[in-house]
Each structure stands twice: as structure tokens, then as C-alpha cells.
Amino acid sequence: MLEKGKISNKQMVMLFTICRLMLTMAFLPYVNSPPWSQDLWISSILAFPMHIILALPVYTLAKRFSKLSLIESIEAMYVWFFLHRTSTILRELGEFLTAVPYPETPIIVFIIASALCAAYAVFHGLETIGRLAEIIAPVILSSVFLVFLLIAKDVDISNLTPVLEDGIVPVLYGAFVIAARTTMGMFLWILIPYINEPRKIRNSLLIVFLIFSLHLTPS
Amino acid sequence: MLKWLRKLNRYFTSSNLKQKSNHSTSEKTETPLSSNIEENLLKIKDTFSNASDIVIREFEISTRVPIKAFIVYIDGLVDKDFVQMNLMKPLMIDINLSKADDEFDHKNALNIIYQRILTLSEVKKVKDFHETLDYILSGDTALFLDGFSTALIASLRGWESRNITPPDTDVVVRGPREGFTETLRISTSQLRRKIKNPNLKFEKMKIGKQTQTDVVIAYIKGIADEKIVEEVKRRLSKIDTDAILESGYIEQYIEDSPLSFLPTVGNSEKPDIVAAKMLEGRVAILTDGTPFALTVPYLFIEAFQSSEDYYSRPFYASILRLLRFVAYFISVFSPALYVALTTYHQEMLPPAMLISIAAAREGTPFPASVEALMMGIIYEILKEAGVRLPRPVGQAVSIVGALVIGEAAVSASLIGAPMVIVVSLTAIASYVVASINDTVSIMRFVYVLLAAFLGLFGIMIGAAVFLTHMVSLKSFGVPYLSPIAPIVTEDLKDVFFRPPLWKMDKRPQLIAKEENMVRQKPDLMPNPPKNDRK
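S.K.: Lay out the overall build of chain A with the relevant residues and their values.
M.R.: Along its length, chain A carries 9 helices and 0 strands. The linear arrangement of helices and strands in chain A, starting from the amino end, is α-α-α-α-α-α-α-α-α. Taken over 219 residues, chain A has a buried fraction of 28%.

S.K.: Tell me what's going on with the environment of Gly-167 of chain A, and back it up with residues and numbers.
M.R.: All names here are of chain A. Residue placement: Gly-167 occurs in the loop between α6 (126-150) and α7 (168-181). The exposure class assigned to Gly-167 is exposed, which follows from the 10 C-beta atoms found within 10 Å. Taking the C-alpha atoms as reference points, Gly-167 and Asp-39, 128 residues apart in sequence, are found 9.9 Å from one another.

S.K.: Outline the sheet that holds strand β5 (residues 151-154) of chain B, listing residues and values.
M.R.: Residue and element names in this part refer to chain B. If you trace the 5 strands from one edge of the open sheet to the other, you get β1-β2-β4-β5-β3, paired in antiparallel fashion. The sheet is open, and its two edges are formed by β1 (54-61) and β3 (123-126), each paired on a single side. With direction set aside, neighbouring strand axes in the sheet form an average angle of 25 degrees. When β3 meets β5, the two strands line up antiparallel, connected through 4 bridges. Looking at β5, one finds that Lys-125 is bridged to Leu-152.

S.K.: Break down the sheet that holds strand β7 (residues 213-220) of chain B for me, with residues and values.
M.R.: Residues and elements named next belong to chain B. Taken together, the 5 strands give an open sheet; going across it, the order is β6-β7-β9-β10-β8, and neighbouring strands pair in antiparallel fashion. Only two strands of the sheet have a single neighbouring strand rather than two, namely β6 (200-207) and β8 (266-268). Strand-to-strand, the axes of this sheet are offset by a mean angle of 25 degrees, without reference to chain direction.

S.K.: Can you break down the interface of chain A and chain B residue by residue, with the values?
M.R.: Contacts between chain A and chain B engage 16 residues on the former and 16 residues on the latter. Where the side of chain A that touches chain B is concerned, the elements lending two or more residues are α5 (107-124) and α6 of chain A. A total of 6 residues in the side of chain A that touches chain B trace back to one element, the largest contributor, which is α5 of chain A. For the side of chain A that touches chain B, a count of residues per class yields 10 nonpolar, 3 polar and 3 charged.

S.K.: Quick rundown of the nonpolar core? Include the residues and the values.
M.R.: Ranked by internal contacts, the top residues of the largest apolar core, which has 78 residues, are Ala-218, Tyr-219, Val-283, Ala-284 and Ile-285 of chain B. Considering each element in turn, this core owes the most residues, 7 residues, to helix α2 (residues 40-64) of chain A. Of the residues that make up this core, three or more belong to each of domain 2 (184-298) and domain 3 (311-472) of chain B. Sequence-distant contacts of Ala-218 of chain B, that is, excluding residues within four places in its chain, are made with Leu-191, Lys-201, Phe-202, Met-278, Ala-284 and Leu-286 of chain B. Counting 32 residues, the second largest nonpolar core, distinct from the first, contains Leu-93 and Tyr-102 of chain A together with Ala-409 and Val-448 of chain B.

S.K.: Please provide a residue-by-residue account of helix α9 (residues 247-254) of chain B, values included.
M.R.: Those residues of α9 of chain B lying buried are Ser-247, Tyr-249, Ile-250, Glu-251 and Ile-254 of chain B. At its buried positions, α9 of chain B is contacted by β7, α8 (226-238), β8, β9 (283-287) and β10 (293-296) of chain B.

S.K.: Explain α6 of chain A to me, and be specific about the residues and the numbers.
M.R.: The first and last C-alpha atoms of α6 of chain A sit 36 Å apart over 25 residues, in line with the 36 Å expected at 1.5 Å per residue. Within α6 of chain A the residues assigned to the buried category are Glu-127, Thr-128, Ile-129, Gly-130, Arg-131, Leu-132, Ala-133, Glu-134 and Ala-137 of chain A.

S.K.: Which residues make up the domain arrangement of chain B, and what values go with them?
M.R.: As far as domains go, chain B holds domain 1 (26-154), domain 2 (184-298) and domain 3 (311-472). Between domain 1 of chain B and domain 3 of chain B, the C-alpha centre-to-centre distance is 64 Å.

S.K.: Got a sec to walk through the pairing of β7 of chain B? Specific residues and values, please.
M.R.: Residue and element names in this part refer to chain B. Burial runs high along β7: 7 of the 8 residues are buried. Alignment of β6 against β7, held across 8 bridges, turns out to be antiparallel. Looking across to β7, one finds that Lys-201 is bridged to Tyr-219. Counting the residues between successive antiparallel strands, the hairpin from β6 to β7 contains 5 residues, one of them, Gly-208, with a positive phi of roughly 105 degrees. As paired elements, β7 and β9 share 4 bridges and run antiparallel to each other. Each bridged residue has a counterpart across the sheet, and for Ile-217 the counterpart in β9 is Ile-285.

How each quantity is defined
- Residues numbered from 1 in each chain as written.
- Chains lettered and ligands numbered in written order.
- Predicted model: local features only at pLDDT ≥ 70, side-chain atom pairs only at ≥ 80, totals over all residues.
- Helix = DSSP H or I, 4+ residues; strand = E, 2+ residues; numbered from the N terminus.
- Buried ≥ 20, exposed ≤ 12 C-beta atoms within 10 Å, placed from the backbone.
- Pairing = 2+ DSSP bridges.
- Axes fitted to C-alpha atoms, helices over the stretch in contact; angles between N-to-C directions.
- Contact = placed C-beta atoms within 7 Å.
- Nonpolar A, V, L, I, M, F, W, Y, C, P; charged D, E, K, R; others polar.
- Core = buried A, V, L, I, M, F, W, Y, C linked by C-beta atoms within 7 Å.
- Domains from an automatic or database assignment.
- Expected span 1.5 Å × (residues − 1).

Printed below as a string of C-alpha cells:
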């Protein structure tokens, strides 16, 4: 194994939180998902059990081969997957920045700057990334909370009625889509051998999914 | 590119591993002293030729069987009165009057002098020539007797030293005002007076091939982690250099990340601060010749913790602690934020503010980024000049700085008034967290440049890289940003707030020895009886 560092389960929770939250906050992809209606919040909550169902195979495998990392198990295909995934994420960030605050700057500037930034973190290893997550995640979570507090006066609960207008099926569908978007099963798997308490991984995962579902519901 | 990087890396690491230490006295070849006094005298005179401050006094011990003797010391390092009264007088006069005279002969002269004649508390017997030289150079007086290959070393040191005065750094309103001085012995005594405990250890080392500087590793056995103590010793013994003139020399030879601009070794001038740090399990390194003691491991948050926080009551101290963090962020980010907001993100400012800023910047020739860099450089110049200038001129400089550069530049509309406000706010704020002032200055310029190129995104990228760098650092095995990252729940309460003393039951988790974490009995919260008289 190249990487010798270990990260704590707490750090894993925060890493996952960051990697999902940033995207969802920038794009609100759930607005465009089924059930396309005011019942989206129910989908968001129901996504929690869906998350669990989707992560179950990965979790079972992780339990069995907790010492093998993703690359060691199934190599080349997943290298390509990660390249693709990383470039998508960089592109998404760049698109977000060129769309609103920097309309005249070429997108490559943001992609290169972010990539260099990420490369520097990778250069220092997983332990550093874990500690970084421990600083950034509380900042993000508290700012989400702060924003929610500040807009609380404008919240109109009546927008959420009628509840379940088209029945439960589209809502369930939406929950599935939300959970399926979370491709983090893959990320998860590659981090398994570096976690210092593999036994507690179930609790950590549950916390991650809970944070996802809860933060989406108000947004 | 990668090859080149690797080469660079090897260059910086290899120099550390190249040589093993060969400095200390132990590796010098042993040359025993001769039993012939003339030979010893010749050797000493030869060694100290052309050294005008050496004093050699030959005399005779006036007993029934007279014995030739001489003493050697360095003028200015010994207390002459004491040498005359307590070394020369007993040997030349008192020995006649005592009973020892009758038993005195060439065989037991040394023992009799050592045990019955010299009324000094600190006398050592030394057989090695180089060891004798070390003692003489450190200010001891050596006594040689004819017929003995042993020298008696009497410690009669006394030299002019500075009085204990309030130091210029770490100024407090409430708390002890004494500071360390340049004399190592006085510093150790100040620490010993704070911590009256046999577990307080002072391990001595000599570093510097030419200067032979005394360095003391101070720690409290049982509280300090042995691994850290061992690591300190290992790093100190690796220093193989000519001179250690200040503890800064040692700091630069032992720090974890010499290529980082963040300090990973702390320093302090005050015994109470050093004692408090040792009580938390840290190791202090005291150096002869400087009032600054080093403490390791040094964490980032120590810059925000003042000794006065713990001496005053917790409420206002907690507010001050938070205020220091705010001031730190202001001093690092405010010029960069101003540049980013006025150049790229005008929409983020409230309209009224935007209009007044635009009005103030009307007619100024430079863009905000150039203004910020210029004012930053001018401020650094003023600061440096203020430190170096003689005191009477200092006032003139502050008037020139404040009036000419601030007021006149604005009224001549060379620089916008908001920029002056931002820079002066920055300057004041950077002194709230004085101990990491230098890194703040560097960061400020970097952020202004980044903000000039990429606006808020540039600041964000810079902050991300800086944060990554900070969390990657370690100081003697302890993560630099702990207890924030990694989170140490137990210690987190003493970061942004100052908890009441009766709540701080445990020592810092990553620093103190694992088996001995408890600082005090739990539930020490004062709880006076309710039934007192009305």
C-alpha cells in the first residue's frame, strides 16, 4: 500500500459530507429530479433508507476484504472511473464559477487552480486530507445552518401542501434517484483500508447518510 | 519535473542525515594531567598563550612540608574577592593554624585540602586536561598541586549580568513581571522557584564547537512524554556547528519544517509561561546567553493563548480569546478582501457602501491591488524603521507615517481613504496576535496578490493551500493544528474559549504523557456553604 496513514471514522464522515454537500449546495440537482413537485422533501428524507440499500453491497464487501483497497481489487477499470469522476467534479466547479461570479474568465483557470490545490493536498497524504476535512466540514455545516436561520422568516410551509398529491410512487422514485446520485459507494470502498476502526464503519456510514438526508430536506 | 522535484527533496533531506555528531567533549582524546606541576603549568600557559584575560598565580602552600601550587582562572568570570578569601587565604595562612598541618605530607595533601581546608561548597576533582580547560573557560578556578595528577576545580563564578527586568514581549497587566536573563543559572533558578518539585529535570548539554554554549533541556518527569524528551535530545545532539549565540540558532536546527514559514518551535521570555507549558507536558530548551527559552511541541493555537487568560476570570478572557481569532482573520484577510470586493465582486457590497467607496476612490490613479501592495510595503517599512530607530527619532517617524503618508496621500488623492482605513486596521489587528506576526505579514501579501488575480476564488484557493499546509505540519510528532484538526474533544474547550480552571481536569491529550493525564481532582467548582449569617 502506498499510503501508510490512517484516518479516523470521524474524519471519514466529514470527508463524505464535504464531497457531497458542496455539489448539492452549488447546483441543487434535486430540484430537477422526480417527483418534480413540492413533495421533494419527502423524497429527500426517504433517500436515507435508499442510501443504505445502495451502499449495502459495498459495505458487505468492505467487511469481508477490509484490508484490500479498491485499486488492489479491481484495478484499471476503477482508475478510469476515478479519472472520469474527478474531471467531472472539476468541470462542475468551473461551470458554477464561470456561470455567476466570473463570466469573462476562461474555465480552465478555475480547473487548473482547483486541481493544483487538490494535488497539493494529495501530495501531503490521506492524514492531511482527513484533518483538512475536520476543519472544513464544521464550517460548511454551520454556514448551511446559518443560511437556514437567516431565511427562516421567509419560509412558507403552505408551499408544501398538498402532501403526496400524486401518491407515494413518484416520491419513492425521487428518493431512489437522490440516493443513486450518490456514487460515493466507490469513494467509500477505496477509503476502507485506511480507516483506523473498521468495526465502527456501519455507524459512520449511517451518520453520513443522515447528514445528507437532513441537510437536503430544508434546502 | 518530477525528477527535479525529487532531487530538490533529496537535497534538503540528505544534508540532515549526512553526518553524525562529533562535537562534544566526550569525543576529544583524553589527555590526563601530569603529576609534575611544571609540566602542567607549561601546558596551561601554552594553551592560553596570547589570552590576556587568563590569570595564573603560582604560590606555595605554607605547611611544614611546603608544596608548590598554582591557580588558574579567567579574569572577569570569577569573583576575585572570593578567590582571595576562600581559596588563597586558607591555603596560604589558615592551613598553618589548623591541626591539618601536622598530618600534612606529599601523599595526602590533596585529600586534606579537599576535605578540611577549602571552605567552598562546590569543589570537583578532575583528572583530564581538556575537562579542566572546559571548567576554566566556563568561569571556574582550577587549583594544581605539585605531585598530583588531579586538579581541584572550585566554582567561584561571578560576572556582571543584567538584572531581572520586565520583558518587552508577553506584556501582561496581571501576572508576574519577571523575565529570564542572559545567565542560564538564573533562568533555571527562576523555573525551580516556580516548580518546587524534584521531578523538574534540567539536563545539560554543550553545543557549538567553538562557543561550547550551555544548553539545558528542562521538563517535568512524569508529565512530559519520554518520547518527546528523547526526540529533543536526539535533535540537539545532532547539531554540529561552530556557534550557538541565541536560542534562535537552536530553533532553526531542530524545527520540524524548516521550509515552512510557520514556526513549529515556540519561545518565551517569561518563567511563568515556560513553567505553565512544562506543566502541560512540554519540553523547554534554555540557552546560555539569551533570555528566550524554546518550548516544544509548539501548536498553532498557542499563539492565541495568553498567560493572562488563565490569571484573570474566564468570562472576559473567553471574549478576548475569540477577539484574537477575529483580529487574526482581519490582519490576514482584510486587504485581500477589500481588493477582491472592489475589483471583482462589487455586487456583494451594499449599494450605499459601494457608492461611498467609489466616491472615495474617484480620481485615484492606481487600481486597488496596487494600492494595497504599496500601502502594505510602506507599513512594513514604517514598522521596521520604528523598531530600529533611536527613541527620540521614533516619534518623528510616527508623525511622518501617520500624517504625511496617511493624510497627505489621501488628500492628494493618490490613495483612496478606505485603503488607508483597511491597512491601519490590519496593522493594529496584527499586533493582537503578536507571536505569529511575521507569518501574518507574508500571508497578507500573498492573499492580496491572489485576490488581484482571481478575486474571492483566489483567496479561497490560497486559503485552501495554506490550510492544507498547516494541517500537514507536525511539531515533534504532534499535529500542528490539533486540537482543531485532528479534533481532540477533550482539549477543544481551551481553544476558542477559556474554560474555568476547575473545569480543566486534564492535560493536553496529545502532548502530556498518556498515563498521567489528570491535572486535578474533578468537581473542584467552588461551592460555598449556604447557611451563612445574614
